[in-house]
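Here are the chains, one letter per residue:
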Amino acid sequence: MPSSIVILGTGSCAPTKIVSNHDLAKVVDTSDEWIVTRTGIRERHIAGQHEPTSELAARAASAAIADARLTAADIDLVVLATVTPDMPMPSTACAVQRKLGISERAMCFDLNAACTGFLYALDVARSLMAAGHHRHALVIGAEKLSSFLDWQDRSTCVLFGDGAGAVVLGQASEPGRGILGCYLGAEGVDPSLLCIPGGGCLHPASAHSVEHRQHYVKMKGREIFKMAVRVMAGAAREILEQHGLTADQITWVIPHQANLRIIETLAKDLALPLDRFIINLDRYGNTSSASIPIALDEARRAGRIHPGEISLLVAFGGGLTYGSALIRW
Ligand SMILES: CC(C)(COP(=O)(O)OP(=O)(O)OC[C@H]1O[C@@H](n2cnc3c(N)ncnc32)[C@H](O)[C@@H]1OP(=O)(O)O)[C@@H](O)C(=O)NCCC(=O)NCCS
């Protein structure tokens, strides 16, 4: 009987168009200095008109399948985390299935847990696999946030970017390796902290919703910052405790890439130096559910992750959702 759910391959996709802070300063009243000082972000990738979320997701997934030395025919579960689906229905996971030629016997669905989405998807996929229903799962975080940003609102449009990351999960009979555990939760206290208010059944698309720019991301940055710092540290400490580990046993922390100051605060809280954190937000901005799998894929491909090491993944996002996961390679 297989005893571990392991990551067999990773992949990611960044649209080719790069928009720097200097480029943004020509569109809204901001500056490279303000954005770098407050967030650490220098540039982000922005998808083109013919690059929907499913396209970014399919490219990342294809790379992950190849990295796992499998083919699309081997995949029997697709869980895709996104807050920016191609459309409300059908799911973006089904679009990925179609694009990659994944079997019609595969279970395919989207999951929305905002920026914690990838960790939620990882836990859902590994639980389904542990129940014995699936052999190879594709877990994807993919976003085209640029379609939901108000390019007149400097307080949000400078923070986000587009991209996708994916992992392929398989089974291995090596206890103590792979996904050691996930810890997930949510504080659904105040949707107005971070939301896209329009387009759902509460505020369906109308002339009024368009006029009031309800189809764009709205955020109370300072409140989110304070909550983020608290829940990230809590999620990290909780999962370490659950597994009887201390922070210094973690080789890499792979945090959600929202703001360098949030990551620095987490590093202080865990008493770990910043060089134990995988950080790429300077080149991507916040890609929501794609941020952790992109960082993970980049770190693996750069040869920074080695067998036997333990990585700690930790995220927070709209909802407010939070989560952490431990992986032994
Ligand atoms: C958004 C964020 C960078 C703002 O940083 P901050 O230090 O809290 O800045 P404040 O909100 O206090 O704003 C300071 C000033 O900068 C201004 N400002 C906001 N965006 C700006 C921009 N892009 N360029 C220049 N000035 C800007 C504000 O209008 C405000 O001006 P005022 O003092 O005259 O009112 C920070 O709060 C943050 O990162 N929050 C978390 C957001 C996040 O992670 N969201 C994703 C969750 S998954």
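Look a little higher up for the structure.
Because the structure is a prediction, the values reported are computed rather than measured.

Asker: Honestly, the site of the ligand in this entry has me stumped. Any pointers?
Answerer: Every one of the 23 residues lining the ligand counts as a neighbour, but Thr30, Arg38, Arg154, Arg222 and Asn259 are closest to it. The contact in question runs from a nitrogen atom of the ligand to an N or O atom on the side chain of threonine 30, over 2.7 Å. One of the side-chain nitrogen or oxygen atoms of arginine 38 is found 2.7 Å away from an oxygen atom of the ligand. Protein contact buries 75% of the 970 Å² of open area that the ligand shows by itself. Under a 2 Å grid-point criterion requiring more than half of the atoms, the pocket assigned to the ligand is the second largest pocket. Of all the secondary-structure elements, those providing two or more residues to the shell around the ligand are α2 (32-39), α6 (154-157), α8 (221-242), α9 (260-270) and β12 (310-317). With four residues, α8 is the single largest residue contributor to the shell around the ligand. Class assignment of the residues belonging to the shell around the ligand gives a composition of 10 nonpolar, eight polar and five charged.

Asker: Help me understand helix α11 (residues 291-301) in this model?
Answerer: Structural remark: α-helix, 3.6 residues per turn; residues separated by three or four positions point the same way. Counting buried residues along α11, eight of its 11 residues qualify, which places the element largely inside the surrounding structure. If you check which residues of α11 are buried, you get Ser291, Ile292, Pro293, Ile294, Ala295, Leu296, Asp297 and Ala299.

Asker: Explain the sheet that holds strand β5 (residues 107-111) to me, please; I cannot follow it from the model alone.
Answerer: The sheet built from five strands is open, its strands ordered β1-β7-β6-β4-β5 with mixed pairing. The sheet is open, and its two edges are formed by β1 (4-13) and β5, each paired on a single side. Adjacent strand axes in the sheet meet at a mean angle of 20° when their direction is disregarded. Note that strand β6 (residues 137-144) and strand β7 (residues 162-172) share eight bridges and pair antiparallel.

Asker: Can you walk me through the layout of surface pockets in this structure?
Answerer: One simple way to see leftover space: roll a probe sized like a water molecule over the atoms. Considered as a void within the structure, the largest pocket measures approximately 780 Å³ in volume. Along its surface, the largest pocket is lined by 31 residues, and Val83, Pro85, Asn112, Cys195 and Ile196 are the ones closest to its centre. Among the elements of the structure, β5 and β9 (194-195) are those that each provide at least two residues to the lining of the largest pocket. When its residues are assigned to classes, the lining of the largest pocket shows 18 nonpolar, 10 polar and three charged. Two domains each provide a minimum of three residues to the lining of the largest pocket, namely domain 1 (4-175) and domain 2 (179-328). Empty space within the second largest pocket amounts to approximately 580 Å³. Taken together, 24 residues make up the lining of the second largest pocket; nearest its centre are Trp34, Ser155, Leu159, Met219 and Gly221. Of all the elements in the fold, those that place two or more residues in the lining of the second largest pocket are α2, α6, α8 and α9. At four residues, the largest contribution of residues to the lining of the second largest pocket is made by α8. Residue composition of the lining of the second largest pocket, grouped by class: 12 nonpolar, seven polar and five charged. Residue contributions to the lining of the second largest pocket reach at least three from each of two domains, namely domain 1 (4-175) and domain 2 (179-328).

Conventions adopted
- Counting from 1, residues in each chain are numbered in the order their sequence is written.
- A pLDDT threshold of at least 70 governs which residues receive local features in this predicted model, and a stricter bar of 80 or more applies before side-chain atom pairs are shown or counted, although totals over entire chains, interfaces and linings include all residues.
- Note: side-chain values were computed over all heavy atoms of the structure, leaving out hydrogens and water.
- By convention in this text, a residue qualifies as near a molecule or strand provided that one of its non-hydrogen atoms is within 4 Å of it.
- We call two N or O atoms a polar contact when they sit within 3.5 Å, provided that within protein one can donate a hydrogen and the other can accept it, with sequence-adjacent residues counted only if both atoms are side-chain atoms.
- The Shrake-Rupley method, run with a 1.4 Å probe sphere, supplies the accessible areas, and residue values consider only the shown protein chains as cover.
- A 1.4 Å probe that fits but cannot get out identifies a cavity on a 1 Å grid over protein atoms alone, an open set with protein on both sides within 12 Å along at least five of seven lines counts as a pocket, and a residue lines either if it has an atom within 4 Å of a point.
- Think of it this way: a molecule belongs to a cavity or pocket when more than half its atoms come within 2 Å of the grid points there.
- Put simply, DSSP H or I for four residues or longer makes a helix, DSSP E for two residues or longer makes a strand, and each gets a number counted from the N terminus.
- In this classification, Asp, Glu, Lys and Arg are treated as charged, Ala, Val, Leu, Ile, Met, Phe, Trp, Tyr, Cys and Pro as nonpolar, and every other residue, Gly included, as polar.
- Only protein chains enter the calculation, and the probe is 1.4 Å; a residue is then buried if its accessible area is under 20% of its type maximum, exposed if over 50%, and partly exposed in between.
- At least two bridges found by DSSP between two strands is the condition for calling them paired.
- For helices, the fitted line uses only the C-alpha atoms of the stretch in contact; every axis is such a line through C-alpha atoms, and the angle between N-to-C directions lies from 0 to 180 degrees.
- Grid points are joined across faces, edges and corners, and a volume is the space filled by probe spheres set on the points.
- Either an automatic procedure or a domain database provided the assignment from which the domain bounds are taken.

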